[in-house]
Amino acid sequence: MNGVLVLCALFSVAVVPAIESGGTVSRFAESISGKCVSFDYVYTMDRSGLIMSGEGSVVFQNDSFVLNGNGLEVSCDGKDRWTVDRNAHEAVVESADPENPDYFSYPVLIARDVDRVFAVESEVMSEFNGNEAIRVTLKPAVAFGNVISAEIFFFRDELVPCGLVLVLDDGTEVKMAFSGFSVVSGTDRSRFSFDPDSLGEDYIVTDLR
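The rules behind the values
Residues numbered from 1 in each chain as written. Predicted model: local features only at pLDDT ≥ 70, side-chain atom pairs only at ≥ 80, totals over all residues. Heavy atoms only, no water. Helix = DSSP H or I, 4+ residues; strand = E, 2+ residues; numbered from the N terminus. Buried < 20%, exposed > 50% of the residue type's maximum accessible area, 1.4 Å probe, protein only. Areas by Shrake-Rupley, 256 points an atom, 1.4 Å probe, with all protein chains shown as cover. Polar contact = N/O pair within 3.5 Å; in protein donor to acceptor, adjacent residues only side chain to side chain. Salt bridge = Lys/Arg side-chain N within 4 Å of Asp/Glu carboxyl O. Lys, Arg positive; Asp, Glu negative; His and termini not counted. Core = buried A, V, L, I, M, F, W, Y, C linked by side-chain atoms within 4.5 Å. pLDDT = per-residue confidence, 0-100. Contact = heavy atoms within 4.5 Å.

A. Structural view of the overall build of the chain. On a plain count of helices and strands, the chain comes out with three helices and 13 strands. Counting every position in the chain, which comprises 209 residues, the buried fraction comes to 44%. In the form shown here, the chain has an accessible surface area of approximately 10400 Å², with 47% of it arising from carbon and sulfur atoms.

B. Region of interest: the side chain of T24. Mapped onto the elements of the fold, T24 is located in helix α2 (residues 23–32). Taking relative accessible area as the criterion, T24 reaches 1% and is therefore assigned buried. A polar contact is formed between the side chain of T24 and the side chain of E123, at a distance of 3.1 Å.

C. Highlighting helix α3 (residues 110–117). In terms of burial, α3 is a largely internal element, six of the eight residues being buried. All buried positions along α3 are accounted for by I110, A111, R112, D113, V114 and V117.

D. Structural detail: the pattern of salt bridges. Considering all chains together, one arrives at seven salt bridges under this definition. For the salt bridge of R81 with E94, the shortest nitrogen-to-oxygen distance reads 3.4 Å. With R81 in strand β6 (residues 80–85) and E94 in strand β7 (residues 90–95), the pair connects residues that are 13 residues apart, well separated along the chain. Put simply, E151 and R135 hold a salt bridge, and the shortest N to O gap is 3.7 Å. Taken together, the residues E151 in strand β10 (residues 147–155) and R135 in strand β9 (residues 131–140) connect sequence positions 16 residues apart. Under the relative-accessibility criterion, E151 is labelled partly exposed at 22%. Among the residues examined, R135 registers a relative accessible area of 15% and is labelled buried.

E. Quick peek at the side chain of D85. The residue D85 is located in strand β6 in this model. In this structure, D85 is buried with no salt-bridge partner, the nearest side chain bearing the opposite charge being R86 at 8.6 Å.

F. Representation of the nonpolar core within the structure. With 38 residues, the main nonpolar core has F39, F65, V114, F118, L138, I152 and L166 as its most contacted residues. Counting seven residues, the second-largest nonpolar core is a separate cluster that includes V84, F194, L199 and Y203.

G. View of the environment of D97. Relative to the elements of secondary structure, D97 occurs in the loop between β7 and α3. Here the alpha-carbon distance between D97 and D80, two residues 17 residues apart in the chain, equals 8.6 Å.

H. The environment of S33, seen in detail. By the element assignment, S33 lies in the loop between α2 and β2 (36–47). The sequence separation of S33 and S185 amounts to 152 residues, and the corresponding C-alpha distance is 9.9 Å.

I. Up close: the confidence of the model for the chain. Chain-level pLDDT for the chain is 83 on average; 87% of the residues reach the 70-or-more range. Confidence, read as mean pLDDT per element, is least for strand β1 (residues 14–15) in the chain (28) and greatest for strand β13 (residues 204–207) (96). Long-range and interchain partners of residues 1–22, a stretch whose pLDDT sits below 50, account for 54 contacts in this model, where long-range means more than four residues apart.

Next up, the structure:
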């Protein structure tokens, strides 16, 4: 399950007034509350000049999500979380803890809970990957592993995130770019439930519940 380690290891600016109380982050959080959200992502991780990269997609709704990336499939229905490596024919099932999500292992979920786990320090006009964007500088508001700061970027004219940058206490920088962002009405929760019968008899299944 080496891919798990990749996930674990997984913007001149003019100052503008913070957008009223709550600002961009709070308005974004309100816009996706209870909705089914999906997007694709690519990331790079720079650890002392050692560059790692990857890509994937995620769908989430409330405490449930499905994530596919770097050869791993992760399905969480809010109760159980399955991590499947179909190349290695291995699977791990664990009890999910909705009250304490594993943001360090699954940093894409920060987009879901950004208003809960971070406090806004400032908002400025900036750019991200060549696009005009609002850069929101954040600081952890809860215990957050070794993440010491973050920046989330929103397209200037849309309430849609286009990127996220995390800085860890050892200087490692994780940069994620989002695309294909979609928000629709709630979907059937069964979409997030994993079917163990989809695994062949040759799979090694580790049950940690």
